[in-house]
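Per-entry structural report
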Amino acid sequence: MTNSLSVALSDGRQGLAEIAGHPIDTIAYPHGQFDSRVVEATRDQHFSIGVTTQKTAVTPDTDPLALGRFVPAVDASIDRFGFGLVYTLLKSHP
C-alpha cells in the first residue's frame with residue numbers, strides 16, 4: 001500500500017541520491033521527529049540507519065532505525081563535554 005509517508009521517503013531519497021551521485025541508505029529524521037510508524041516506513045523503504053535527536057546511548061540492542069545522538073554545546077569545554085556524555089550514558093541505562 002502506498003501512502004504519503006512512503007512516497008515522501010522514496011522521493012526524498014531519490015532526489016538526494018541524484019545530487020550525491022550514489023545511493024542513500026541513511027536518514028536523519030526531520031527535526032528528530034519519529035515514531036514507530038515512521039521507523040516501519042523507513043524499514044519498508046530499506047533504509048539501514050535512522051538518526052533521531054533523542055539524547056540516548058546506542059547499544060547493541062538499539063534499533064538501527066532509531067539511533068539517538070549526543071550533541072555537545074558549541075562552547076562546551078572538554079570537562080563539560082565529558083560530563084554531558086557520561087550523564088547521557090547513565091541516564092539512558094540506569
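Reference entry: report on the structure contained in this document. (Residues numbered from 1 in each chain as written. Predicted model: local features only at pLDDT ≥ 70, side-chain atom pairs only at ≥ 80, totals over all residues. Heavy atoms only, no water.)

Listed in full, the 10 residues of the largest apolar core are L5, L9, I27, Y29, V38, V39, A41, F47, L65 and A66. Counting residues per element, the ones that place at least two in this core are α1 (4-20) and α2 (36-44). For this core, the leading source of residues is α2, giving three residues. (Core = buried A, V, L, I, M, F, W, Y, C linked by side-chain atoms within 4.5 Å. Buried < 20%, exposed > 50% of the residue type's maximum accessible area, 1.4 Å probe, protein only. Helix = DSSP H or I, 4+ residues; strand = E, 2+ residues; numbered from the N terminus.)

Within this structure, the stated rule accounts for two salt bridges. Close ionic contact of E40 with R43 constitutes a salt bridge, the shortest N to O distance being 3.4 Å. With E40 and R43 both in helix α2 and three residues apart, this pair spans about one turn of that helix. E40 gets classed as partly exposed once you look at its relative accessible area, which sits at 39%. Its salt-bridge partner being R43, residue D63 comes within 2.7 Å of it at the nearest N-O pair. (Salt bridge = Lys/Arg side-chain N within 4 Å of Asp/Glu carboxyl O.)

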